[in-house]
Structure formats: structure tokens, C-alpha cells
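Descriptive structure summary
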Amino acid sequence: MKIAFTSTGTSWTSLIDPRFGRTEFIVVYDEEKKVISAIDNSKVKNVAHGAGSATAQMVFELNPGVLITGNGPGETASNALKHHHMKIFVDAHDMTLKEAYEHYKNGKLKEV
Amino acid sequence: MNEIVVLSGKGGTGKTSITASLAVLAGNEAVIADCDVDAANMHLLLNPDFATTIEFYSGELAVINQEQCTRCRKCEDACRFNAIVYLNKKMQVMPIDCEGCGYCEKVCSPRVITMQERKSGNVFISNTKAGSKMVHARLDIGAENSGKLVARVKNEAKSLAVAGNKLFIIIDGAPGIGCPVVSSLAGANYVVLVTEPTMSGLHDLKRICTMIRKFRIKAGCIINKWDLNEEKTTEIKQFLHDQQIEHLADIPYDISFTKAMTEGKTIVEIQSPNREILDRIWNDIKSQLQN
């Protein structure tokens, strides 16, 4: 399964970005292939309005089974993401990606 | 480090006066951020020194290459904001009217219109009279606040708080429930709601509460000017109780609020019965964050 994170950096030691729409990066971990890849979200980060739906679009294209983020997404992005079958886990801000992934594996992250 | 965002839903409830008071009480334990950039006015109370200025770019502006323009005037017809006019034998873009939609760029057959990033204001990093750092912004004429600008102000404040090992970031949020407010909530640990006992005060409080619930952030509410309409205050208290939102305090209407403001001071810097209430509110917020 593919796991997507909103992240402030590109590695396992990066902190989760609490923002959904204006996250710095979207990092994807492919559990089968055991590879991690990062997508620079600076283009979306720099739009004046509508960042949430633009990032939601990006996540749709990546098609992950799980999304791990901070205290977002907001109303519009949440409504859009509902149409995808992925599971969304929140309140992982202040954790590194590694910590967030372990919390998720141990069932300690909150699902919305 | 804890991020405290002060929000009101409705404007004019005393949000900024209260935020500035909390900022003075927190002193150099906090970094202050003014995210109410459309009506940025916290600088009037905190006397910042505008130490650092950073240019801020947001949105786009149509730019016409005059040498290659054939004056076909298609862009003028296409622009629904009437931002392109034929003046002095040239097609000219009126920067204040241009919304940056890019329609003119699409219809321009000689392809001489480009959309360029536009400067929309400045972000400042200042030292305040309370001994804290403050991040604030000023928009250029015709520019509007955005989620992007709020994110920028907040991120600057966060870097300063991390670098200075501060305990708090106190954020004056924008009114309403739009994009800038959503942006100010990202990463927040506590929301202070400031409302007033009026029909619109309660109505907008309800809207903002729906939003905060979405972000799962702990909130407490201050009813400012509570004694102006005791019936409405009772109704607000009931609402807070039903929503399990902490009722932080009631502040009575007091002319000292206005008096302090005209002197460029916060309520906690003058002789006022409200000083004690604000002291208590600040201690209350701190103890709630520790739990």
C-alpha cells in the first residue's frame, strides 16, 4: 500500500507539515517496494486561494491508500477527499514521518 | 511551543484589543503574529519598530508587451473587470482593477500578454514594547489578504519562536471563516474566541465553532461587553455549554477599552477593572495548554 504524508521535508526524519493545502511536500512511501519519494508542493503553496482543493487534486493523482497529516484538511479539501477510498489519519503534527508511520502502524493515530 | 489563535467570526468584538493584552502579559515568552492583514491594527497597540522588511508577492498581474501589441483590443473585450483600457494609443492594464485571472492572456492572438507575479505588500519582523518579536504585514492598495500571506506570517513567527526557544505564538486571526482563517488554524493548539452579546455575535460564533470542530482544536470563549445584553449573554453561555467549549470569562463594557486604545495602550497597561480579568484569562489559557 502507498502511504502519503504532508511533510516539511523529503526524508523520514522530516517533520509532518500540519498544513494540508499549503504543505511543503507530499511524501509517498510505497510499502511493497519499500521506497520513499517526495513531491514538491511549492506551486500550490504559492497560490493565493484554493490551496486545499489543489493539493487534494494532487493527492488523488498519487492515489495512496492512506493519508497522514496534521490538523487539516479544511472543509473544502475534506469534502473532496471523501470521494476517494483512502483512509485519512490526523493530528500527526510535531512528529517526524518515521514517528508518524510507527504511530499509524501501532494504531495510535486518529482516523477521520 | 504552543500556538494560540484569537478569532471572533464577527468583527468589532474586541479581538485585537484582547490579543494585544495577552501579548503584553506574555512578554518575551511569546512571538506575536498579526494575521488580520486586511485590517492590521495590532501595531497601534504594541508599538513595533519595523526592524526588518520583506517584500511579499501574491497573485498575478497582466503585462502587455507594447512593442508587439497590435491594439486589436480583444483583451479589452474579454476583461470582465474592465482592467484593460485603450489610452494614449496603447492598451494599458489598470493594476488596481486587474484580478490576475489570465483571460486576456488566453485571448491575445499575437501572444504578447504575460501574467507576472505581483508584489502585494510587505511582511515585517519587529520588536514590540512588550519585549517580544512580532510578525505583521501591510498590504499595498487594492491588495487583499490571503491564505498564502497568513501562512507566510505564521511560518516566519514559528521560525522565530523555534530559534528563540519561546513558549507561545499568539496570533491575531482574521475575522470571518474564509481562506485566511483556515490558514491561521493550521498547526494551532488553542483557539481563543472573542464574541459579544449580539445577534450577529452569536451567529458568527456558531459558524466559527463549526470550523474549529473540523480542525479538532481546543477552544475557550470570552464574552466581551457581556452586560450590554444579558439575555444574549445567557444564550451564548448555553451554546458554549452545549458545544463543550470552555467559557473563559465575561468582560463588562468599560470605557477604559476605548480610552486605552486612543492612548495607544492595551487594557492591561492602564488602571482598569478589566486588567484583573485579563490576567486571569491568560493564566487560565496557560494552565489549559499544560493539560
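Residues numbered from 1 in each chain as written. Chains lettered and ligands numbered in written order. Predicted model: local features only at pLDDT ≥ 70, side-chain atom pairs only at ≥ 80, totals over all residues.

Glancing now at the overall build of chain B. Per the secondary structure count, chain B includes ten helices and eleven strands. In chain B, once contacts between residues fewer than 6 apart in sequence are set aside, the share between residues at least 24 apart is 76%. (Helix = DSSP H or I, 4+ residues; strand = E, 2+ residues; numbered from the N terminus. Contact = placed C-beta atoms within 7 Å.)

A separate point is the environment of E99(B). With respect to the helices and strands, E99(B) occurs in the loop between β5 (90-93) and α4 (103-107). For the pair formed by E99(B) and L61(B), sequence separation is 38 residues and the distance between their alpha carbons is 7.2 Å.

Residue and element names in this part refer to chain B. Counting 72 residues, the largest nonpolar core has I4, A23, A33, I169, I170, L193 and I222 as the members making the most contacts within it. Residue contributions to this core peak at seven residues, all from helix α1 (residues 15-26). Here I4 is in contact with F168, I169, I170, I171, N189, Y190, V192 and I285, once residues within four sequence places are set aside. (Core = buried A, V, L, I, M, F, W, Y, C linked by C-beta atoms within 7 Å. Buried ≥ 20, exposed ≤ 12 C-beta atoms within 10 Å, placed from the backbone.)

Attention now goes to the interface of chain A and chain B. At the interface, 15 residues of chain A touch 15 residues of chain B. Along the lines of polarity and charge, the residues of the side of chain A that touches chain B split into four nonpolar, seven polar and four charged. (Nonpolar A, V, L, I, M, F, W, Y, C, P; charged D, E, K, R; others polar.)

All names here are of chain A. What the six strands build is an open sheet, ordered β3-β2-β1-β4-β5-β6; its pairing is mixed. Single-partner strands in this sheet number two, and they are β3 (35-40) and β6 (110-111). Relative to strand β5 (residues 87-90), strand β4 (residues 66-68) runs parallel, the two sharing three bridges. What sits directly across from I68, in β5, is F89. Set on the sheet, helix α2 (residues 51-62) makes contact with β1 (2-7), β2 (25-30), β3 and β4; between it and β2 the angle comes to about 20 degrees. Across the face of the sheet, helix α4 (residues 97-105) comes into contact with β1, β2, β4 and β5 while running at roughly 135 degrees to β1. (Pairing = 2+ DSSP bridges. Axes fitted to C-alpha atoms, helices over the stretch in contact; angles between N-to-C directions.)

Attention now goes to the domain arrangement of chain B. In terms of domain boundaries, chain B breaks down into domain 1 (2-47 + 128-290) and domain 2 (58-119). Measuring from the centre of the C-alpha atoms in domain 1 of chain B to the corresponding centre in domain 2 of chain B gives 41 Å. (Domains from an automatic or database assignment.)

A word on the sheet that holds strand β1 (residues 2-7) of chain B. Residue and element names in this part refer to chain B. Taken in spatial order, the nine strands make up an open sheet running β3-β6-β7-β2-β8-β1-β9-β10-β11, and their pairing is mixed. Whereas interior strands pair on both sides, the edge strands pair on one side only; in this sheet they are β3 (52-64) and β11 (246-251). Going across the sheet, the axis of each strand differs from the next one's by a mean of 20 degrees, ignoring polarity. Across seven bridges, the pairing between strand β6 (residues 113-127) and strand β7 (residues 133-139) is antiparallel. Paired with G121 across the bridge in β7 is L139. Each of β1, β2 (30-34), β8 (168-172), β9 (190-195) and β10 (218-224) touches α1; the most contacted strand, β8, lies at about 160 degrees to it. Contacting β1, β9, β10 and β11, helix α10 (residues 274-290) crosses the sheet at an angle of about 170 degrees to β11.

Residues and elements named next belong to chain B. Within the chain, N88 stands out as a residue other than glycine whose phi angle is a positive 50 degrees. Within the secondary structure, N88 is located in the loop between β4 (84-87) and β5. The class for N88 is exposed, based on 6 C-beta atoms found within 10 Å. With a phi close to 60 degrees, K225 is a non-glycine residue in the positive phi region. With respect to the helices and strands, K225 occurs in the loop between β10 and α8 (230-243).

All names here are of chain A. Two elements, β2 and β3, share six bridges in a ladder whose sense is antiparallel. Counterpart to V27 in the pairing with β3 is A38. Following β2, the chain reverses through four residues before pairing antiparallel with β3; K34 in that reversal takes a positive phi of roughly 55 degrees.

Looking now at the confidence of the model for chain B. Residues at a pLDDT of 70 or more form 100% of chain B, whose mean pLDDT is 93. Our summary of model confidence lists the complex with pTM equal to 0.86 and ipTM equal to 0.75. (pLDDT = per-residue confidence, 0-100.)

With that out of the way, let us pick up the pairing of β1(A). Successive residues of a regular strand alternate their side chains across the two faces of the sheet. Residue and element names in this part refer to chain A. Among the six residues that make up β1, five are buried, leaving the element largely enclosed by the rest of the structure. The pairing of β1 with β2 spans six bridges and is antiparallel. Residue pairing across strands places T6 opposite I26, the latter belonging to β2. Relative to β4, β1 runs parallel, the two being bridged by three bridges. Bridged to I3 within β4 is V66.

Bringing helix α7 (residues 199-215) of chain B into the picture now. Residue and element names in this part refer to chain B. Spanning 17 residues, α7 covers 25 Å between terminal C-alpha atoms, matching the ideal 24 Å at 1.5 Å per step. If you check which residues of α7 are buried, you get G201, D204, L205, I208, C209, I212 and F215. Along the axis of α7, the buried positions cluster into a sector of 150 degrees, meaning they face one direction only. Projecting away from the buried face of α7 at angles above 90 degrees are the exposed residues M199, H203, R207 and T210. (Expected span 1.5 Å × (residues − 1). Arc of directions from axis to C-beta.)

All names here are of chain B. Between α7 and α8, whose axes approach to 11 Å, the crossing angle comes to 10 degrees. For the element pair α7 / α8, the angle class is roughly parallel. Contact residues: L202, L205, K206 and C209 in α7; K232, E235, I236, F239 and Q243 in α8. (Parallel < 35°, antiparallel > 145°, perpendicular 65-115°, else oblique.)

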